[in-house]
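Residues per chain, in single letters:
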Amino acid sequence: MKKNILLIGGSYGIGYALAEILKEENTVYIASRTAENLDSSIHHIPFDANSDAINLEMLPYPIDGFVFLPGSINLRPFKNIKIEAFENDLQINFLNMVKVLQTILPNLLASKQSSLVFFSSIATNIGMPFHSSVAASKGAIEGFAKAFAAEYAPKIRVNVIAPSLTDTPLADKFLNNDVKREKAAERNPLKKFGASNDIAEMAAFLLSDKSNWITGQVFHVDGGMSTLSVII
Ligand SMILES: NC(=O)c1ccc[n+]([C@@H]2O[C@H](COP(=O)([O-])OP(=O)(O)OC[C@H]3O[C@@H](n4cnc5c(N)ncnc54)[C@H](OP(=O)(O)O)[C@@H]3O)[C@@H](O)[C@H]2O)c1
């Protein structure tokens, strides 16, 4: 049976790649600010997670899958980060997700078993200079996901994907010329930075019944960067 999957974000980046994988076998809803790339098979809901409350009347019942895509990569030395910047990162990466989740919870509980996928970052698993704000907000996602997974098992499964640098509009400033792209690929044990599809395939698996015995996990889809050292 077709599942109803709600993506917050998905007009481009990893969410778009995910929607392309999902749309054949599922009914996909994307709530985002823009929609130019989306075809008519996707149900688009105009939505800004920073300011809007999600409108339940535009959403399916039940919701079988939920993915929250918005994120930030603001890298700065700690001494230059104002408290407002920490608050802003926490809002974008974590609090906006909580707000949506509280609203759609009845729809998720109406599913036989719903699956949630959230996004962390390699910077939460290994310490990286200048990443204190984004690492902290993604750390909130990881802690929340495990607690929520425990509280709502077996009705709701929750997993997190923690990518390293992946070629999307969010990461453009790190990959916008050949030198940056070569260096980024060279730093990775598998000698390539991520493509949206590398991450989206894992998200699609976690949304599917193929992963029905997996919950409360953080998956490091990062070319081995968080666990392998290639320096001898
Ligand atoms: N790319 C990387 O290198 C990387 C690395 C580690 C972790 N991650 C994490 O992976 C996740 C996906 O990243 P990505 O690279 O695909 O990001 P992206 O290229 O910025 O795409 C984000 C998606 O979310 C939507 N979005 C952003 N702000 C929104 C808002 N306020 N309200 C509603 N929708 C909003 C965007 O659509 P609209 O603009 O149309 O609203 C877009 O569809 C993020 O959580 C990110 O932190 C990415």
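Residues numbered from 1 in each chain as written. Predicted model: local features only at pLDDT ≥ 70, side-chain atom pairs only at ≥ 80, totals over all residues. Heavy atoms only, no water.

*Asks:* Just to check I follow, could you spell out the overall build of the protein for this structure?
*Replies:* For the protein, the helix and strand inventory stands at seven helices and nine strands. For the protein, whose C-alpha radius of gyration is 17 Å, the value lies close to the compact-globule estimate of 17 Å for 232 residues. Split into buried and exposed, the 232 residues of the protein put 48% on the buried side. Pairs at least 24 apart in sequence give 68% of the contacts found in the protein among residues at least 6 apart. Split by element, the accessible area of the protein, about 11800 Å² in all, is 56% carbon and sulfur. Charged side chains in the protein number 21 positive and 23 negative. The centres of these two groups are separated by 5 Å. (Helix = DSSP H or I, 4+ residues; strand = E, 2+ residues; numbered from the N terminus. Rg over C-alpha atoms; globule rule 2.2 N^0.38 Å. Buried < 20%, exposed > 50% of the residue type's maximum accessible area, 1.4 Å probe, protein only. Contact = heavy atoms within 4.5 Å. Areas by Shrake-Rupley, 256 points an atom, 1.4 Å probe, with all protein chains shown as cover. Lys, Arg positive; Asp, Glu negative; His and termini not counted. Charge placed at Lys NZ, Arg CZ, Asp CG, Glu CD.)

*Asks:* Looking at this structure, I do not really get the nonpolar core. What am I missing?
*Replies:* As a rule of thumb, nonpolar side chains are buried together in soluble globular proteins. Counting 31 residues, the largest nonpolar core has L6, I8, F66, M97, I104, L116 and F118 as its most contacted members. Those elements giving two or more residues to this core turn out to be β1 (3-8), β2 (26-32), β4 (65-68), α2 (83-109), β5 (114-119), α4 (132-152) and β6 (156-161). For this core, the element with the highest residue contribution is α2, accounting for eight residues. The residues touching I8, leaving out its near neighbours within four places in the chain, are A31, F47, I54, F66, V67, F68, L69, P70 and V100. Ranked by size, the runner-up nonpolar core spans 24 residues in total, among them L18, V67, V117 and I161. (Core = buried A, V, L, I, M, F, W, Y, C linked by side-chain atoms within 4.5 Å.)

*Asks:* Honestly, the site of the ligand in this entry has me stumped. Any pointers?
*Replies:* Near the ligand lie 28 residues; those nearest to it are S11, Y12, R33, T34 and T168. Residue I14 places a main-chain N or O atom 2.8 Å away from an oxygen atom belonging to the ligand. Look at the ligand: alone it shows 890 Å² of surface, and the protein chains cover 95% of it. Of the residues contributing to the shell around the ligand, the split by class is twelve nonpolar, 13 polar and three charged. (Near = heavy atom within 4 Å. Polar contact = N/O pair within 3.5 Å; in protein donor to acceptor, adjacent residues only side chain to side chain. Nonpolar A, V, L, I, M, F, W, Y, C, P; charged D, E, K, R; others polar.)

*Asks:* Explain helix α1 (residues 13-22) to me, please; I cannot follow it from the model alone.
*Replies:* Along an α-helix, a turn takes 3.6 residues, which lines up residues three or four apart on a common side. Buried residues dominate α1, accounting for seven of its ten residues. On its buried side, α1 packs onto β1, β2, β4, β5, β7 (166-167) and α7 (196-207).

*Asks:* I'm lost on unusual backbone geometry in this one. Help?
*Replies:* Most peptide bonds take the trans configuration, and most residues that are not glycine carry a negative phi. The step from Y61 to P62 runs through a cis peptide bond, and the omega angle for that step is 5°. Mapped onto the fold, P62 is located in the loop between β3 (43-46) and β4. For the bond running from A153 to P154, omega is 5°, close enough to zero to count as cis. Tracing the sequence through the fold places P154 in the loop between α4 and β6. Of note, F130 is a non-glycine position whose phi angle comes to about 70°, a positive value. Within the element layout of this structure, F130 appears in the loop between α3 (122-125) and α4. Relative accessible area serves as the criterion here: at 48%, F130 is assigned to the partly exposed category. A positive phi angle, close to 60°, is found at K191, a residue other than glycine. Along the polypeptide, K191 turns up in the loop between α6 (178-187) and β8 (194-195).

*Asks:* What is the right way to read the packing of α2 against α4 from this model?
*Replies:* Working note: a packed helix pair is described by the angle between its axes plus the distance between those axes. In the contact formed by α2 and α4, the axes pass within 8 Å of each other and the chain directions differ by 20°. Here α2 lies roughly parallel to α4, going by the angle between them. Considering the relative orientation of α2 and α4, their crossing is right-handed. Note on element contacts: α4 touches α2 through S132, S133, V134, S137, K138, A140, I141, F144, F148 and Y152, opposite A85, F86, D89, L90, N93, F94, M97, V98, L101, L105 and L109. In terms of residue class, the contact of α2 with α4 is built from 15 nonpolar, four polar and two charged. (Axes fitted to C-alpha atoms, helices over the stretch in contact; angles between N-to-C directions. Parallel < 35°, antiparallel > 145°, perpendicular 65-115°, else oblique. Left-handed = near helix turned anticlockwise from the far one by under 90°.)

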